[in-house]
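Listed below, chain by chain, are the residues.
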Amino acid sequence: MTTSWISSSAADFAKAGADQNRRAEASANEVVINRSSAPIIHQHGNRAYVELPTESNHWITVNGEPAIWTSYMRLIYRCEKRGGVWKIADMTSVFESDKLTPVIPGTDLHIQPQDVVEFRPSYRWMSYTRTRAGGKVNPDLLGIDRPDEVDTLYAQAEAWIADTK
């Protein structure tokens, strides 16, 4: 499983996600609402890859002001049917874009253009908010601002479903 906050096994991903949810429930500082669109399924035999467009809204505080950070991603799942059961073999996030808006329109979030110039456009506001909170974000995550890398991911997924041995 590869996303902005972990690159590990499915078991580690599930554990870390549960830990994250417990911390979020204990904090009034961040509320997260996730939405998924209809999946697009590419199947060949007992293998498939699934594209799942997602939107996540995070209610956070930015420079002392309430804000909503919205992330738009595509999750690419590689799935395999074993013993009659479909299971996820891999998941990779593709960052498309994000935005940061004040909860109350017109509120100044106190952000200058030079504050975000170093961050990639496909996940600029995630990078800004996490960095401001003391965290780090990998500058080499998969995003549509690097189309060759996204094309490689899709070529690998296509080759994977074609390899039905």
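Residues numbered from 1 in each chain as written. Predicted model: local features only at pLDDT ≥ 70, side-chain atom pairs only at ≥ 80, totals over all residues. Heavy atoms only, no water.

A. Quick look at the overall build of the chain. Per the secondary structure count, the chain includes 3 helices and 5 strands. Helices (α) and strands (β) of the chain occur, in sequence order from the N terminus, as α-β-β-β-β-β-α-α. Taking all 165 residues of the chain together, the buried fraction comes to 35%. In the chain, of all internal contacts separated by at least 6 residues, the share reaching a separation of at least 24 is 52%. Element-wise, carbon and sulfur atoms account for 53% of the exposed surface of the chain, whose accessible area totals about 9800 Å². (Helix = DSSP H or I, 4+ residues; strand = E, 2+ residues; numbered from the N terminus. Buried < 20%, exposed > 50% of the residue type's maximum accessible area, 1.4 Å probe, protein only. Contact = heavy atoms within 4.5 Å. Areas by Shrake-Rupley, 256 points an atom, 1.4 Å probe, with all protein chains shown as cover.)

B. A look at helix 3 (residues 147–162). Between the first and last C-alpha of helix 3 there are 22 Å, a value that for 16 residues agrees with the 22 Å anticipated at 1.5 Å per step. Tucked into the core, helix 3 has its buried residues touching strand 2 (40–44), strand 3 (47–62), strand 4 (65–82) and strand 5 (85–102). (Expected span 1.5 Å × (residues − 1).)

C. Summary view of the environment of Leu 100. Structurally, Leu 100 is set in strand 5. The class of Leu 100 is buried, set by a relative accessible area of 13%. Along the sequence, Leu 100 and Ile 60 sit 40 residues apart, while their C-alpha atoms lie 9.9 Å from each other. Not counting the four nearest positions on each side in its chain, Leu 100 is found in contact with Ile 60, Val 62, Ala 67, Ile 68, Trp 69, Leu 109, Ile 111, Trp 125, Tyr 128 and Thr 129.

D. Inspection of the nonpolar core at higher detail. In this structure, Tyr 77, Leu 100, Met 126 and Tyr 128 are the most contacted members of the largest nonpolar core, which totals 22 residues. Secondary-structure elements contributing two or more residues to this core are strand 3, strand 4, strand 5 and helix 2 (124–132). Tallying contributions element by element places strand 4 first for this core, with 6 residues. Among all residues touching Tyr 77, those that are not within four sequence positions of it are Ala 48, Tyr 49, Val 50, Leu 52, Ile 88, Asp 90 and Met 91. Formed by 10 residues, the second largest nonpolar core is a distinct cluster that contains Tyr 49, Val 94, Leu 142 and Leu 153. (Core = buried A, V, L, I, M, F, W, Y, C linked by side-chain atoms within 4.5 Å.)

E. The arrangement of the environment of Tyr 154 in detail. Position of Tyr 154 among the secondary structure elements: in helix 3. With 105 residues separating them along the chain, Tyr 154 and Tyr 49 place their C-alpha atoms 9.2 Å apart. Filtering out sequence-adjacent residues up to four positions away, Tyr 154 remains in contact with Tyr 49, Glu 51, Arg 74 and Ile 76.

F. Expanded view of the confidence of the model for the chain. For the chain, the mean per-residue pLDDT works out to 86, and 81% of the residues sit at or above 70. Confidence, read as mean pLDDT per element, is least for helix 1 (residues 10–26) in the chain (49) and greatest for helix 3 (96). In this model residues 20–27 is a low-confidence stretch, pLDDT under 50, and it forms 2 contacts with partners more than four residues away in sequence or in other chains. (pLDDT = per-residue confidence, 0-100.)

G. Layout of the pattern of salt bridges. Counted by the stated rule, this structure contains 7 salt bridges. Between Glu 80 and Arg 82 there is a salt bridge, with its nearest N and O atoms 2.9 Å apart. Judged by relative accessible area, which is 15%, Glu 80 ranks as buried. A relative accessible area of 57% places Arg 82 in the exposed class. One salt bridge connects Glu 149 with Arg 146, and the closest N-O pair in it is separated by 4.0 Å. (Salt bridge = Lys/Arg side-chain N within 4 Å of Asp/Glu carboxyl O.)

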